[in-house]
Amino acid sequence: ADSKTSHGKDSSATKKRLSVRARKGSISTRLQNRMKALSWRGKYTMAEYYPAEIMGKSFRILQNPCGERKGLGTGSTVWDGGQILMKFIEHRYKENGLQGKSVIDLGSGTGIVGLAAAMLGAERVVLTDQKQVLHITRENVVSCAKEVGDSSIQKRVSVSEYD
């Protein structure tokens, strides 16, 4: 199952096509390497859970694929931008780099970015989104705290509606 992307295409076949094109000169080696580096994107788009990791601590983010079709809006899925921002924050601030800071995540959806901030030591994190998505956000706060063994996350992270 790992060799399939969320669209059902065989990722190994895609890599072979890229390699052939690169050898023929239609795609530069530099571009090919960048495309390979981004191959993780979209892998979990249609999965019930998005696997996340911050500073070596793994946790899962509940998501609702195609939530916009189910009246949940777009906040019920971990988007590429959220994945990238989560890793940027981890790289930039490292463990405890947000110690004593307050963070507000506007339109947090699943809460992945704000939870990353909490795991990096933020003293207070406020996750906000529309009412129809907040059940997913709240569940992710509770499950993240349990999965990484840090009950203080539930005390430091609050979930609020905005409209």
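Provided above is the structure to which this section pertains.
All values reported here derive from a predicted model rather than from experimental measurement.

## A short note on the overall build of the protein chain
Right, on to step 1. In terms of regular secondary structure, the protein chain is built from six helices and five strands.
Right, on to step 2. Going from the N terminus to the C terminus, the protein chain shows its helices and strands as α-α-β-β-α-β-α-β-α-α-β.
Right, on to step 3. For the protein chain, the residues scored as buried account for 37% of the 163 residues in total.
Right, on to step 4. In the form shown here, the protein chain has an accessible surface area of approximately 9700 Å², with 51% of it arising from carbon and sulfur atoms.

## Points about the sheet that holds strand β4 (residues 124-129)
Right, on to step 1. Reading across from one edge, β3-β4-β5 is the order of the three strands in this open sheet, with parallel pairing throughout. Looking along the sheet, the strands with just one partner apiece sit at the ends: β3 (102-105) and β5 (157-161). Ignoring which end each strand starts from, the neighbouring axes of this sheet average 20 degrees apart.
Right, on to step 2. Pairing between β3 and β4: four bridges, direction parallel. By the bridge assignment for β4, I104 is matched with V126.
Right, on to step 3. On top of the sheet, helix α5 (residues 134-148) reaches β4 and β5; it is set at about 175 degrees to β5, its chief contact.

## Digging into α5
Right, on to step 1. With 15 residues, α5 should reach 21 Å at 1.5 Å per residue; the first-to-last C-alpha distance of 21 Å fits that figure.
Right, on to step 2. Here α5 has its buried residues at L134, I136, T137, N140, V141, S143, C144, A145 and V148.
Right, on to step 3. For α5, the elements touching its buried residues are β2 (57-62), α4 (112-119), β4, α6 (152-156) and β5.
Right, on to step 4. At the exit of α5 stands G149, carrying a positive phi of roughly 70 degrees.

## Some points on helix α3 (residues 80-93)
Right, on to step 1. With 14 residues, α3 extends 20 Å from end C-alpha to end C-alpha; this agrees with the ideal 20 Å at 1.5 Å per step.
Right, on to step 2. Within the sequence span of α3, burial applies to G82, Q83, M86, I89 and E90. Along the axis of α3, the buried positions cluster into a sector of 130 degrees, meaning they face one direction only.
Right, on to step 3. On its buried face, α3 is in contact with β1 (49-54) and α4.
Right, on to step 4. Positive phi shows up at K94, right after α3, with a value of about 55 degrees.

Reading guide: rules and limits
- Residues numbered from 1 in each chain as written.
- Predicted model: local features only at pLDDT ≥ 70, side-chain atom pairs only at ≥ 80, totals over all residues.
- Heavy atoms only, no water.
- Helix = DSSP H or I, 4+ residues; strand = E, 2+ residues; numbered from the N terminus.
- Buried < 20%, exposed > 50% of the residue type's maximum accessible area, 1.4 Å probe, protein only.
- Areas by Shrake-Rupley, 256 points an atom, 1.4 Å probe, with all protein chains shown as cover.
- Pairing = 2+ DSSP bridges.
- Axes fitted to C-alpha atoms, helices over the stretch in contact; angles between N-to-C directions.
- Contact = heavy atoms within 4.5 Å.
- Expected span 1.5 Å × (residues − 1).
- Arc of directions from axis to C-beta.

By themselves, these observations are geometric and do not establish any function.
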